[in-house]
Amino acid sequence: MKNEQMTLMTKKKMAEALEEIMKHKDFNKISVKDITDACDISRPTFYYHFQDIYELLEYAFNEELMGIFDQAQVADLSQRLSMTLSFVLDHKEICLNAYHNIGYEKLEHYLFPYTEKIVKVVIDDFNQDVGADREATDFILRYHSHAFVGLLIDWMEDDCTMPVDQFVKRFDLIMDGAILEELKRLA
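The following paragraphs examine the structure supplied in this document. (Residues numbered from 1 in each chain as written. Predicted model: local features only at pLDDT ≥ 70, side-chain atom pairs only at ≥ 80, totals over all residues. Heavy atoms only, no water.)

## Observations regarding unusual backbone geometry
The following threshold applies: Runs of H or I in DSSP of at least four residues are treated as helices and runs of E of at least two as strands, each being numbered from the N terminus.
A positive phi angle, close to 55°, is found at D40, a residue other than glycine. Positive phi values are uncommon outside glycine, yet C160 reaches one of about 55°. Residue placement: C160 occurs in the loop between α7 (134-157) and α8 (164-175).

## Notes on helix α6 (residues 92-130)
Operational definition: Helices are assigned an expected span. That span is 1.5 Å times one less than the residue count. In this analysis the local bend is the angle between axes fitted, respectively, to the seven residues ending at and the seven residues starting at the residue.
With 39 residues, α6 should cover 57 Å at 1.5 Å per step; its first-to-last C-alpha distance of 39 Å lies more than 12% under that length. Bending of α6 peaks at approximately 120° at the position of G103. Directly beyond the C-terminal end of α6, a positive phi value near 80° is found at G131.

## Overview of the packing of α6 against α7
Stated precisely, the cut-off is as follows: Lines fitted to C-alpha atoms define the axes, with helix axes restricted to the stretch in contact, and inter-axis angles between N-to-C directions lie between 0 and 180 degrees. Orientation categories follow fixed angle ranges, with anything under 35 degrees roughly parallel, anything over 145 roughly antiparallel, 65 to 115 roughly perpendicular, and all other angles oblique. Definitions for this section: a left-handed crossing has its near helix turned counterclockwise from the far helix by less than a right angle. A right-handed crossing has that turn clockwise. We call Asp, Glu, Lys and Arg charged. Ala, Val, Leu, Ile, Met, Phe, Trp, Tyr, Cys and Pro are nonpolar, and the rest, Gly among them, are polar.
Across the interface, α6 lies against α7 with an axial gap of 7 Å and an inter-helix angle of 140°. Here α7 runs oblique to α6, going by the angle between their axes. Pair α6 / α7 crosses with right-handed handedness. In terms of residue class, the contact of α6 with α7 is built from 16 nonpolar, 7 polar and 5 charged.

## What about the packing of aromatic side chains?
Condition: What counts as a ring pair is set by centres within 6.5 Å for rings of Phe, Tyr and Trp (its six-membered ring), and what kind of pair is set by the plane angle: stacked under 30 degrees, edge-to-face over 60, tilted for all other angles. Relative accessibility decides the category of a residue: with a 1.4 Å probe and only protein chains considered, values under 20% of the type maximum give buried, values over 50% give exposed, and everything between is partly exposed.
Enumeration according to the criterion identifies 8 aromatic pairs in this entry. Relative to Y54, the ring of F27 lies with its centre 5.3 Å away and its plane at 70°, an arrangement referred to as edge-to-face. Here the residue F27 occupies a position in the loop between α1 (2-22) and α2 (32-39), and Y54 occupies one in helix α4 (residues 53-71), the gap between them amounting to 27 residues. Take F27: its relative accessible area is 2%, and that puts it in the buried class. Here the aromatic cluster, defined as three or more aromatic residues joined through ring pairs, consists of F46, Y47, F50 and Y59.

## Re the packing of helix α5 (residues 77-90) against α6
Which entries qualify depends on this criterion: Two residues qualify as a contact provided that any one of their heavy atoms is within 4.5 Å of a heavy atom in the partner residue.
Closest axis-to-axis distance for the α5/α6 pair is 12 Å, and the angle between their directions is 165°. On the basis of their axis angle, the class for α5 and α6 is roughly antiparallel. The hand of the α5/α6 crossing is right-handed. Here L77, R80, T84, F87, V88, L89 and D90 of α5 come into contact with α6, specifically with K92, C95, Y114, I118, V121 and V122. Tallied by class, residues from the contact of α5 with α6 come to 9 nonpolar, 1 polar and 3 charged.

## A few points about the side chain of T115
Mapped onto the secondary structure, T115 falls in helix α6. Excluding residues that lie within four positions of it along the chain, T115 makes contacts with S145, F148 and V149.

## Comments concerning the pattern of salt bridges
Our working definition: Any Lys or Arg side-chain nitrogen found within 4 Å of a carboxyl oxygen on Asp or Glu counts as a salt bridge.
As enumerated under the stated definition, the model contains 7 salt bridges in all. Here D124 makes a salt bridge to K120, at a shortest N to O gap of 2.8 Å. Taken together, the positions of D124 and K120, both in helix α6 and 4 residues apart, correspond to about one turn of that helix. Take K120: its relative accessible area is 37%, and that puts it in the partly exposed class. Among the salt bridges present, the one from D138 reaches R134, with a minimum N-O distance of 3.7 Å.

Here it is as structure tokens:
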């Protein structure tokens with residue numbers, strides 16, 4: 001157990017160092033040496049935990065976003081979306097740095113699993129009464145997850161200028177009843 005705790009602490013330390021460095025340096029210019037120097041760890045220690053900087057960035061995103069998801073277990077979709085957008089806004093420098101340096105596809109890859117978890121909770125809740133099969137629910141899940149990630153990245157490209165509550169309200173208006181109706185149609 002102690003070894004697991006040390007591993008987790010080391011990984012978190014590296015993720016925090018990466019986030020701090022990204023505040024003043026483009027992601028594509030950050031080296032493993034930058035991370036190891038900031039954490040006072042050896043290069044082999046870095047590679048024991050991560051294949052490369054991209055894997056570390058993915059870990060950092062997942063840790064932060066899954067923390068939001070865990071906090072919002074009882075929250076509805078609007079609250080989860082609002083918390084997600086607020087996270088991006090609070091970490092705007094880092095998120096935009098990642099987007100501009102790794103591109104849309106890679107950022108989508110990092111955000112998609114988190115978004116899927118948010119949407120899956122909603123689909124599963126509605127599907128208790130509908131009973132659509134797994135193929136139908138998976139299709140609806142992918143559709144809405146891609147839609148949210150795309151809108152989130154568009155919002156980031158626009159420098160997060162739309163207020164969070166306005167974004168969530170618009171998304172809610174579009175989504176209102178959509179998932180339930182899709183489940184019924186595909187059941």
